[in-house]
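Architecture at a glance
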Amino acid sequence: MVNRVRDATGLASVQRSHFSHSFFCQVAEAVLTSQLKAHQEKPNFIIKIPKGTRDLSPQHMVVREKILDLVISCFKRHGAKGMDTPAFELKDFDIAGQFDPMIPDAECLKIMCEILSGLQLGDFLIKVNDRRIVDGMFAACGVPESKFRAICSSIDKLDKMAWKDVRHEMVAKKGLAPEVADRIGDYVQCHGGVSLVEQMFQDPRLSQNKQALEGLGDLKLLFEYLTLFGIAEKISFDLSLARGLDYYTGVIYEAVLLQTPTQAGEEPLNVGSVAAGGRYDGLVGMFDPKGHKVPCVGLSIGVERIFYIVEQRMKTKGEKVRTTETQVFVATPQKNFLQERLKLITELWDAGIKAEMLYKNNPKLLTQLHYCESTGIPLVVIIGEQELKEGVIKIRSVASREEVAIKRENLVAEIQNRLSES
């Protein structure tokens, strides 16, 4: 499931490939879960409908395809190779192999910015942290190592809960000493740019922790590259970002849409993060029989969440979506013109023009024109007795309802010219 090239020694060396970030994440979580439940005599199975599967109308499919096309074209622009995985909800981009620090990490953030800007979802911010800083912060504040992951999962709730509620959970439910929780609170409420990274280098606690210093050093370098990419203003060093998944080993990030005042009658859209990712250097080795370490960094785009946002906005604004790409409709005002319509539509198809007609021998002209208006087809070509006699075809603009007659032999060129101008 990985694009590999084998060298002379027979070892698989991964240079630059499109891994499925969410696939590895899903498998890793499954492995960890099975290990935790290994002591159970009987496994518990819960059959669920796969996430991301639902019936979609033609209108929804058009919107979905536009979103996916934008995401995939961005991935390809950055050299990705495509692959299919069991990930229904996400589109992923991953870079694997030995590279100098923070170059691929910065590119992943650049890709995330390009996609979110291109989707025009509104203003957004990408929160960045490092798992080494998170663990270093916990150690410096006095969190017992056995509680790291439990406290990490509490910190992850800060985007939905106030600090006082998260603090209560850590102290009352997870047994953390109140003074330790207060020290953590001093950090997790900090966010900013590269100046905050510099500030943390001078912090009395973090500056004494080797892990935290390594993470801060990489973040400083990362911000240099982000500045060169022109996206530093979209990135926030946020010490509350924890992403409590054990496979992350370095930089972690999460993109959120910034709330804007809702329009009249518009429901607030609380959808959480719309993209996320990070570095997971140890994960691929779990699936290699010889345990070869393959450094990886990647991102996942929350297509289903983005689709929901776009869908709701369109519903609020009453926007209609064309479910067909048909450019020309072949019509007739008279009976017994099926053969002429078939000749005409064949000519259009053979010229690469997207065309259709009603599957009836003798459709009414008004029915044909109403169909074009309801489906958004821009042009109608009309052939009848008079047109056939004079060797012309009428072209009708659906929007303006203006009609012009042109010579039959000039039809394709005229339509192509009109379509190129629209």
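Now for a description of the structure that goes with this document. (Residues numbered from 1 in each chain as written. Predicted model: local features only at pLDDT ≥ 70, side-chain atom pairs only at ≥ 80, totals over all residues. Heavy atoms only, no water.)

**Examining the sheet that holds strand β13 (residues 392-397)**
Operational definition: Strands pair, by our definition, only if DSSP identifies at least two bridges between them. What counts as a helix is a DSSP run of H or I of at least four residues, what counts as a strand is a run of E of at least two, and both are numbered from the N terminus. Should any heavy atoms of two residues lie within 4.5 Å, those residues are counted as being in contact. Every angle, taken between N-to-C directions, lies between 0 and 180 degrees, and every axis is a line fitted to C-alpha atoms, over only the stretch in contact when it is a helix.
In space, the 5 strands of this open sheet follow the order β11-β10-β12-β13-β14, with mixed pairing throughout. Single-partner strands in this sheet number two, and they are β11 (355-356) and β14 (403-407). Of the strands in this sheet, β10 (328-331), β11, β12 (379-382) and β13 are in contact with helix α11 (residues 338-350), which crosses β10 at around 165°.

**Remarks on unusual backbone geometry**
Operational definition: Any residue under 20% of the maximum accessible area for its type is buried, any over 50% is exposed, and the rest in between are partly exposed; the area is computed with a 1.4 Å probe on protein chains only.
The backbone of Gln120 shows a phi angle near 55°, a positive value even though the residue is not glycine. Looking at the element boundaries, Gln120 is found in the loop between α3 (103-119) and β4 (124-130). Residue class for Gln120 comes out exposed when judged on its relative accessible area of 69%.

**Brief notes about the side chain of Asp135**
Take Asp135: it is sitting in helix α4 (residues 131-141). Leave out the neighbours within four places in its chain, and Asp135 touches Phe148, Arg149 and Gln211.

**A look at the nonpolar core**
Let me state the cut-off plainly: Take the buried residues of types Ala, Val, Leu, Ile, Met, Phe, Trp, Tyr and Cys, join any two whose side-chain atoms come within 4.5 Å, and each joined set is a nonpolar core.
The biggest cluster of nonpolar side chains holds 73 residues, and the ones touching the most others in it are Ile126, Phe138, Ile184, Phe237 and Tyr253. Discounting residues that sit within four places of it in the chain, Ile184 has contacts with Phe138, Cys141, Val143, Ile151, Ile155, Trp163 and Leu176. Membership of the second largest hydrophobic core comes to 18 residues, among which are Phe337, Ile353, Ile406 and Ile415.

**Side note on the packing of aromatic side chains**
Convention followed: Any two of the Phe, Tyr and Trp rings considered here, Trp counted by its six-membered ring, make a pair once their centres fall within 6.5 Å; the pair's planes then place it as stacked at under 30 degrees, edge-to-face at over 60, or tilted in between. Remark: a charge is flagged as sitting over a ring if the NZ atom of Lys or the CZ atom of Arg is within 6 Å of the ring centre and within 35 degrees of the ring normal.
Applying the stated criterion across every chain yields a total of 4 aromatic pairs. With 5.6 Å between their ring centres and 50° between their planes, Phe329 and Tyr371 make a pair best called tilted. A residue pair is termed long-range when its members are at least 10 positions apart, and Phe329 in strand β10 and Tyr371 in helix α12 (residues 365-375) qualify at 42 residues. By relative accessible area, Phe329 is classed as buried at 0%. We note Lys234 situated over the ring of Phe124; from NZ or CZ to the ring centre the distance is 4.5 Å.

**Let's talk about the packing of α3 against helix α9 (residues 210-228)**
So the rule is basically this: When an angle is under 35 degrees it counts as roughly parallel; over 145 it counts as roughly antiparallel; between 65 and 115 it counts as roughly perpendicular; any other value is oblique. Working rule for handedness: look at the near helix, and if it is turned counterclockwise from the far one by less than a right angle, call the crossing left-handed; if clockwise, right-handed. Residue type decides the class: Asp, Glu, Lys and Arg count as charged, Ala, Val, Leu, Ile, Met, Phe, Trp, Tyr, Cys and Pro as nonpolar, and the leftover types, Gly among them, as polar.
It is the contact of α3 with α9, at a shortest axis distance of 9 Å, that shows an interaxial angle of 50°. Looking at the two axes, α3 sits oblique to α9. Considering how the two elements wind past one another, α3 and α9 form a crossing that is right-handed. Only Leu222, Tyr225 and Leu226 of α9 make contact with α3, whose side of the interface consists of Ile103, Asp105, Ala106 and Leu109. Per-class residue counts for the contact of α3 with α9 are 6 nonpolar, no polar and 1 charged.

**Here's the deal with helix α14 (residues 411-421)**
To keep it simple, the criterion reads: The arc in question is the one spanned by the directions pointing from the helix axis to the C-beta atoms.
What α14 keeps buried is the set Leu411, Val412 and Ile415. Seen along its axis, α14 keeps its buried residues to an arc of 95°; they face one direction. Facing away from the buried side of α14 by over 90 degrees, the exposed positions are Ser420 and Glu421. The secondary structure elements touched by the buried residues of α14 are β10, α11, β12, β13 and β14.

**Re helix α5 (residues 148-155)**
Every buried residue of α5 is listed here: Phe148, Ile151, Cys152, Ser154 and Ile155. Axial view of α5: buried residues confined to an arc of 160°, hence all on one face. Lining the buried residues of α5 we find α4, α6 (163-173) and α7 (178-188).

These figures capture arrangement, not role.
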